[in-house]
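These are the residues of each chain, in order.
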Amino acid sequence: MDRKKTLINSSVSNNNSTIKGLQLFIADLRSAQQAQEQEKRIQSEIVKIKQHFDAAKKKQGNHDRLGGYQRKKYVAKLAYIYITSNTTKLNEILFGLEQTVELLKSSIFSEKFIGYMTLELLYERSEVVAKVNDEVNYQLMKDLSSSDDNFVMLALNFVGVVGELTNRLAYNDDITTGVFKILRSPTSSIYLKKKSALSFLALLKSNHSILTEDLQRKQLWIQRILSLLDDTENYRLTLATIPLIEFIAKYIDPSYCTRLLPQLTEILYNCVVVGTSRSSDNQFPLEYTFANMPNPWLITKVVSLLSILIASPTERDSGSLLQTNNIDNELLNKLRKCVSVAIELGTRQAQDPMERIVQNTVLFSLINFASKLDPSDEAISNSVTALCSLLTSKEINIRYLTLDSLVKLCSSSGKPAIDAVRYKNLDMIFHLLNTERDSSIVRKVVDLLYTFTDVENVKIIVDGLLQYILSPKNLAEPQIKSDIAVKIAILTEKYATDINWFVIISLQLLSLTSNTTINDDEIWQRLCQIVVNNPSLHRITCERLVDYLCKKQASEAIIKAAAFLLGEYSSLITDRISSANLFTLFAEKYFSAPNVAKAMILTTMIKLYKTSPEIGSNVIKFFQLELNSLDIELQTRSFEYLNIIQLAKVNGNTDILQILFEPMPPFNSKSNPLLKRLGSLPASAGSTTLINTPSEASSSTPDLLSKRANSSRSIMVPMPPPSRRNTIDDVNSKISSSEDFSGKDSYYSRQILAPNWREGFTRMISHKQGVLFTSSLMKVFYRITTPDAQQPYVFHISLAFINLTEWEITGLSTQIIPSKTQGNPEYLIMNINTPSTATIGPHKRAEQSYEVSIRKPFDVEDSPILAIHFKCGGSTNTINLKTAIGMTTTLISSDVNPSMHLNLAQFISRWKTLSDALGKEGEYQKSGIKLNKDFRKVETISLEDGLLLLTQTVKRLGFDIVDQTSVRSTLFVSGIIHTKSEGNFGCLMKIQYQVNGTVNVTCKTTTAGPLAKYIVECIKNVLTK
Amino acid sequence: MAVQFILCFNKQGVVRLVRWFDVHSSDPQRSQDAIAQIYRLISSRDHKHQSNFVEFSDSTKLIYRRYAGLYFVMGVDLLDDEPIYLCHIHLFVEVLDAFFGNVCELDIVFNFYKVYMIMDEMFIGGEIQEISKDMLLERLSILDRLD
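Residues numbered from 1 in each chain as written. Chains lettered and ligands numbered in written order. Predicted model: local features only at pLDDT ≥ 70, side-chain atom pairs only at ≥ 80, totals over all residues. Heavy atoms only, no water.

Draft legend 1. The arrangement of the overall build of chain B in detail. Scanning chain B from N- to C-terminus turns up five helices and seven strands. For chain B, the N- to C-terminal ordering of α and β elements is β-β-α-β-β-β-α-α-α-β-β-α. Counting all 147 residues of chain B, 68% fall into the buried class. Put simply, of all contacts in chain B between residues at least 6 apart along the chain, 48% involve residues at least 24 apart. Summed over its atoms, the accessible surface of chain B is roughly 4500 Å², and 46% of this surface lies on carbon and sulfur atoms. (Helix = DSSP H or I, 4+ residues; strand = E, 2+ residues; numbered from the N terminus. Buried < 20%, exposed > 50% of the residue type's maximum accessible area, 1.4 Å probe, protein only. Contact = heavy atoms within 4.5 Å. Areas by Shrake-Rupley, 256 points an atom, 1.4 Å probe, with all protein chains shown as cover.)

Draft legend 2. Molecular detail of the sheet that holds strand 11 (residues 923-930) of chain A. Residue and element names in this part refer to chain A. With antiparallel pairing, the five strands of this open sheet are ordered in space as 11-15-14-13-12. Edge positions in the sheet fall to strand 11 and strand 12 (960-961), since each has one partner strand and no second. The pairing of strand 11 with strand 15 (residues 998-1005) spans six bridges and is antiparallel. Bridge pairing in strand 15 places Ile929 opposite Val999. Its contacts with the sheet put helix 40 (residues 1011-1024) on strand 11, strand 13 (970-978), strand 14 (984-993) and strand 15, and the angle it makes with strand 11 is roughly 15 degrees. (Pairing = 2+ DSSP bridges. Axes fitted to C-alpha atoms, helices over the stretch in contact; angles between N-to-C directions.)

Draft legend 3. A look at the sheet that holds strand 6 (residues 809-817) of chain A. All names here are of chain A. Strand order in the open sheet made by the three strands is 6-9-10, with antiparallel pairing throughout. With one partner strand each, in any of the chains shown, strand 6 and strand 10 (875-882) form the two edges of the open sheet. Recorded for the sheet is a direction-independent mean angle of 15 degrees between the axes of neighbouring strands. Two strands pair when backbone bridges link them, and strand 6 and strand 9 (residues 865-872) are joined in this way by seven bridges, in the antiparallel orientation. Counted as the bridge partner of Ile809 is Cys872 from strand 9.

Draft legend 4. Broad picture of the interface of chain B and chain A. At the interface, 79 residues of chain B touch 84 residues of chain A. Interface area for chain B against chain A, summed over the two sides, is near 7800 Å², with a carbon-plus-sulfur share of 58%. Linking chain B to chain A there are six salt bridges. Asp81 of chain B is the salt-bridge partner of Lys408 of chain A, the closest N and O atoms lying 2.7 Å from each other. Looking at the side of chain B that touches chain A, the element that brings in the most residues is helix 2 (residues 83-100) of chain B, giving 13 residues. For the side of chain B that touches chain A, the class distribution of residues is 41 nonpolar, 17 polar and 21 charged. (Buried area = accessible area lost by both parts, 1.4 Å probe. Salt bridge = Lys/Arg side-chain N within 4 Å of Asp/Glu carboxyl O. Nonpolar A, V, L, I, M, F, W, Y, C, P; charged D, E, K, R; others polar.)

Draft legend 5. Quick peek at the nonpolar core. In this structure, Tyr123 and Leu366 of chain A are the most contacted members of the largest nonpolar core, which totals 379 residues. Among the elements that take part in this core, helix 2 of chain B stands out by supplying 13 residues, more than any other. Filtering out sequence-adjacent residues up to four positions away, Tyr123 of chain A remains in contact with Val128, Val129, Val132, Asn133, Val136, Phe158, Val162, Leu165, Thr166 and Leu169 of chain A. Of all hydrophobic cores here, the second largest spans eight residues; its members include Leu904, Trp911, Val962 and Phe972 of chain A. (Core = buried A, V, L, I, M, F, W, Y, C linked by side-chain atoms within 4.5 Å.)

Draft legend 6. Looking closely at helix 24 (residues 478-495) of chain A. Compared with an ideal rise of 1.5 Å per residue, which puts 18 residues at 26 Å, helix 24 of chain A spans 26 Å between its outermost C-alpha atoms and is within 8% of the ideal. The element helix 24 of chain A is extensively covered by neighbouring structure, given that 16 of its 18 residues are classed as buried. (Expected span 1.5 Å × (residues − 1).)

Draft legend 7. Seen up close, the pairing of strand 10 of chain A. Pairing between strand 9 of chain A and strand 10 of chain A: eight bridges, direction antiparallel. Within strand 10 of chain A, the position partnered with Ile868 of chain A by the bridge is Ile879 of chain A.

Draft legend 8. The arrangement of the packing of aromatic side chains in detail. Residues and elements named next belong to chain A. Considering all chains together, one arrives at 33 aromatic pairs over all chains under this definition. Taking 5.0 Å as the distance between ring centres and 75 degrees as the angle between the ring planes, the aromatic pair formed by Tyr256 and Tyr747 counts as edge-to-face. Taken together, the positions of Tyr256 in the loop between helix 13 (235-252) and helix 14 (261-274) and Tyr747 in helix 35 (residues 746-749) put the pair 491 residues apart, joining distant regions of the chain. Since its relative accessible area comes to 7%, Tyr747 is described here as buried. (Phe/Tyr/Trp six-rings, centres within 6.5 Å; stacked < 30°, edge-to-face > 60°.)

Draft legend 9. Looking closely at the side chain of Thr265 of chain A. Residue and element names in this part refer to chain A. In this structure, Thr265 sits in helix 14. Within the local environment of Thr265, its side chain forms a polar contact with the backbone oxygen of Leu261, the two atoms lying 2.7 Å apart. Beyond its immediate stretch of four places on either side in the chain, Thr265 contacts Leu331, Lys334 and Leu335. (Polar contact = N/O pair within 3.5 Å; in protein donor to acceptor, adjacent residues only side chain to side chain.)

Draft legend 10. View of the layout of surface pockets. Residues and elements named next belong to chain A. The volume enclosed by the second largest pocket comes to roughly 1300 Å³. Lining the second largest pocket are 50 residues, with Phe290, Ala291, Asn292, Asp352 and Met354 sitting closest to its centre. No other element matches the five residues that helix 17 (residues 353-369) contributes to the lining of the second largest pocket. (1 Å grid on protein atoms, 1.4 Å probe; cavity = no way out; pocket = protein on both sides within 12 Å on 5 of 7 lines; lining within 4 Å. Points joined across faces, edges and corners; volume = space filled by probe spheres on them.)

Draft legend 11. Spatial organisation of the environment of Val358 of chain A. Mapped onto the secondary structure, Val358 of chain A falls in helix 17. Each C-alpha atom, one on Val358 of chain A and one on Phe290 of chain A, is 8.1 Å from the other, the two residues being 68 residues apart in sequence. Sequence-distant contacts of Val358 of chain A, defined by excluding residues within four places in its chain, comprise Phe290, Ala291, Met293 and Pro296 of chain A together with Cys87 of chain B.

Draft legend 12. Fine view of the pattern of salt bridges. Counting across every chain of the model gives 45 salt bridges over all chains. The salt bridge partner of Lys195 of chain A is Glu121 of chain B, with a shortest N-O separation of 3.1 Å. Of this pair, Lys195 of chain A sits in helix 10 (residues 190-206) while Glu121 of chain B sits in helix 4 (residues 112-122), which puts the two residues in different chains. Here Lys560 of chain A and Glu556 of chain A are joined by a salt bridge, their closest N and O atoms 2.8 Å apart. Of the two residues, Lys560 of chain A and Glu556 of chain A are both situated in helix 28 (residues 556-569); the distance of four residues between them amounts to about one turn of the helix.

Draft legend 13. Quick peek at unusual backbone geometry. Residues and elements named next belong to chain B. A positive phi is found at Ala68, a non-glycine position, where the angle reads about 50 degrees. Note on placement: Ala68 falls in the loop between strand 4 (60-67) and strand 5 (70-77). At Asn102, a residue that is not glycine, the phi angle is positive and equals roughly 55 degrees. Residue position: Asn102 is located in the loop between helix 2 and helix 3 (105-110).

Draft legend 14. Fine view of the packing of helix 26 (residues 521-533) of chain A against helix 28 of chain A. Residues and elements named next belong to chain A. Two numbers describe how helix 26 lies on helix 28: the axes approach to 9 Å, and their chain directions differ by 20 degrees. As the angle between them shows, helix 26 and helix 28 are arranged roughly parallel. Viewed along their axes, helix 26 and helix 28 form a crossing whose handedness is right-handed. In this structure, helix 26 uses Asp521, Trp524, Cys528, Val531 and Val532 to contact helix 28, whose residues at the interface are Ala557, Lys560, Ala561, Phe564, Leu565 and Tyr569. Taken together, the residues of the contact of helix 26 with helix 28 break down into nine nonpolar, no polar and two charged. (Parallel < 35°, antiparallel > 145°, perpendicular 65-115°, else oblique. Left-handed = near helix turned anticlockwise from the far one by under 90°.)

Draft legend 15. Representation of the packing of helix 17 of chain A against helix 19 (residues 396-413) of chain A within the structure. All names here are of chain A. Taken N-terminus to C-terminus, the directions of helix 17 and helix 19 make an angle of 5 degrees; their axes are 9 Å apart at the nearest point. Considering their axes alone, helix 17 and helix 19 lie roughly parallel with respect to each other. Here Arg356, Ile357, Asn360, Phe364, Ile367 and Asn368 of helix 17 come into contact with helix 19, specifically with Asn397, Ile398, Leu401, Thr402, Ser405, Lys408, Leu409 and Ser412. Residues of the contact of helix 17 with helix 19, tallied by class, amount to six nonpolar, six polar and two charged.

Draft legend 16. Representation of the state of the cysteines in the model. All chains considered together, the criterion is met by zero disulfides over all chains. Cys410 of chain A forms no disulfide, and the closest cysteine sulfur to it belongs to Cys388 of chain A, at a distance of 8.1 Å. (Disulfide = S-S within 2.5 Å.)

Draft legend 17. Layout of the environment of Phe99 of chain B. Residues and elements named next belong to chain B. As for its position among the elements, Phe99 is in helix 2. Judged by its relative accessible area of 0%, Phe99 falls in the buried class. Spatially, the C-alpha atom of Phe99 lies 9.7 Å from that of Lys114, the residues being 15 residues apart in sequence.

Draft legend 18. Focus on helix 17 of chain A. With 17 residues, helix 17 of chain A extends 24 Å from end C-alpha to end C-alpha; this agrees with the ideal 24 Å at 1.5 Å per step. Where burial is concerned, most of helix 17 of chain A is hidden: 15 out of the 17 residues are buried.

Structure, rendered in structure tokens:
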């Protein structure tokens, strides 16, 4: 053991807590010279303990005849027996379970601890759980709510350790609630909070429905969990909380977690950039430094979570994940800075081996994360160069980790990374393949080669891999050779541009005779499948197979493939070898082949007879000989084939053979079954240059030629790798569909809005600036501006948050939630800035802004939701507001564009034109809209004043109103609605004012569809607020 | 990313510590077989020419390190990043060393229950919980003195 100088001068271990009887027992076992003697000692101890436990059951009144200390000692001995026997003596110690549970009830810590410790060991066995779980759960609930933090700690440890070993804790609501209560409570110590975070995670892994069954609980509990990250310098709690949040993001719902991006970036930046800085500003706490690196565990966990929350530029259907174009530039730059610093650190020379491991840990973690940050090709190439320089390291671990990182980088970053590796470093990689003695590293090298193979370099790669397999000095690793053979088969099929080469390589694989495990059936079966489906391969393959058969040492796989294919297509090569000679060739191979191959050869023989009846006498003699075979299958087959031949002869009808042995029809399967054997490669490995083009309707079978066409096109248009989440196999972990039946994201639909949200919502439709929301804690102001007059469909939204209290508001963060993020959304949220500060002093303010781009018409009710999260005076708050962006927001006032102004005659003419052209298609009518109190006050004054107010309201929206006096109670309104993707639309409206305080609105637009309805809904909101 | 199990055994293959976090099988025989297989796999590796990472099964790979005759092994998911787990092991051993004072196999044998206490303070649910050695040792000192 390394004799490291420790911070504590003397041993921490306390001899007072030694269990003397246990020590003596262990010493006895260790002094036993023979296993038999040790076994004897164990058995005698078990007998003695059993006697004591049996006696303890005969309690007299309340007196416990077995003291707590004695119980603890005996249970500890049983635990030791379990461990030292390599867990093989479970059944012999089960009698002690009852007393072990009794220890849980003790009020003495050390006794309780031994009880929990022993059960943590044994709960891995289901029979133990079945016996004692009910009693244990009861005691857990008591300890979780104990006033002694040490007892709570023991219970949390137990839940965390066994929570995934059995789901009986996770389905006990009292336990899950008890654990969460500790996590949530503001009075819990950090120590208990971090334990409860990981314990809750263990329960959640066993039972997702803790958070998915009850929507309200889901929202409340998740918000509480996320708020734990708001203190970005509490590294102790953060380290334990992030795995829980990562699980929520991956398996429950990522939408809730995207708001954590600023906090996560801050943590990562502080660790990687500030924490490694040599300047005097670096105040990173030393206690969280390991091997001179600030908190490498926290770094890797944060990066892992960020990798889930941020969709890479090429990830499609990313749903509610963050996109780089929606990430604050400042945050994005900080993240990129972290990557570049990690590269600089990782290539720095460190003396201590563990320090080098840690530096490379951080480097690999961040380099793989970089592909999420929309890196330039040059940045990717630099990353690859940095990694490849580590391949020359003398440390074997670093070479292994570098290769692993390169595989991931090539898989995720696509062509730039792949090109950087293969054009500059291919020789080095082949050198590693041929010199490395560690099977783990060889495996990684092969994975890397597989990852960046494409149509250009497939021959070089395959040749290199083949040479490795064929080399006699690499005989020691048969499993690896088998895996490499599988990869060669896959690559050869996928990238074959030369059908001759494909056949040559495939048969070369099959001909390997050094070890039978290399020749998996799947490879030769796949070859047959492809040859059958490609007539152009029939002849060349048969010719090659004959060549292989003529050699002395034909492999089993070659014999099988030859038996099948030559049986089908021997007529194609009769000019080269007669059926009689083929028969002789197979007869020679028959007696040295395994039985399965023999059976295939028998079938081949009757097929040869079908093609060339002149060899009948030889075939018949062979079958008659095999009637005496020791193998019942071969005997039966020979008997059946003989009868078929004789039946055909007797009836003089050779058609029976033609019918029974018709040519093999094409195979339907398009997928390569070998793909499932790629093992630990990322799901996207090898797919970055593959186009998954749908087959033509007429093509029902896989076609090698079309694969070639696809491969040649792949150079032009590399396909992005599939989402990382495709690697998640657990059915229970599937995230529910992000869209509900209404077409909106389910996350948007589930938001519960603040009680008086509509007041601000309506104001936002009507006015370009004002108050969005007011509560006793906070007031929110908004302003809408149009940055570019030429793009009236793009808006800049500025928000201000005012602290109305006498206390500090902390942990301020927000989310802008659009109604749709995929499936051609009607509008996009862009350029989101985070709040200018997460902490607002009393009566101070924080600001934020974002942009909305309207692509096509939508209902104002589907406007973006603003979620505001903050803490104030010990309470955690979430306010959800709808920030109104409607079709009327895209109007441009006629003051700006006078040419839009219409007179009454023009209005009537256009109204008629629209009616003639679209009829009711582009029209929407709504009657009886009740006016708000402002209008009711005015009503008592005069009709003229009411109309004036109505006029002002409509004008403020941006509409133009016809000057006319003919129809006194009606406004004739026109305007142009702008969208980005679908262009502009004309809009005409008649707004009829009624004396009873209601309004009738009829709207026509220059397009059919719901646009007219959307416009009227905006009007209605404004008038009825 | 989480640890599936933690194992510690000596050169003869006798288990000194075992901790399962994840149910890999409900077959009792299989966990015993797994321990035996892991021992054979790791003890046969050439430490000068082979890495500290090795694939073990379709769903598990091993990260291991040897300290003075004891192998410390962690089983993790196939797609997990390996290097951080070397840090897990190293920190665990450092804490044992500080707690026992130049720890050796005998300390672990005679005080196995204290080692489990240390393990519970460092790992819960397969995740590392605390990385500050000072904090850990302070906490362990308190727990060790309790009755």
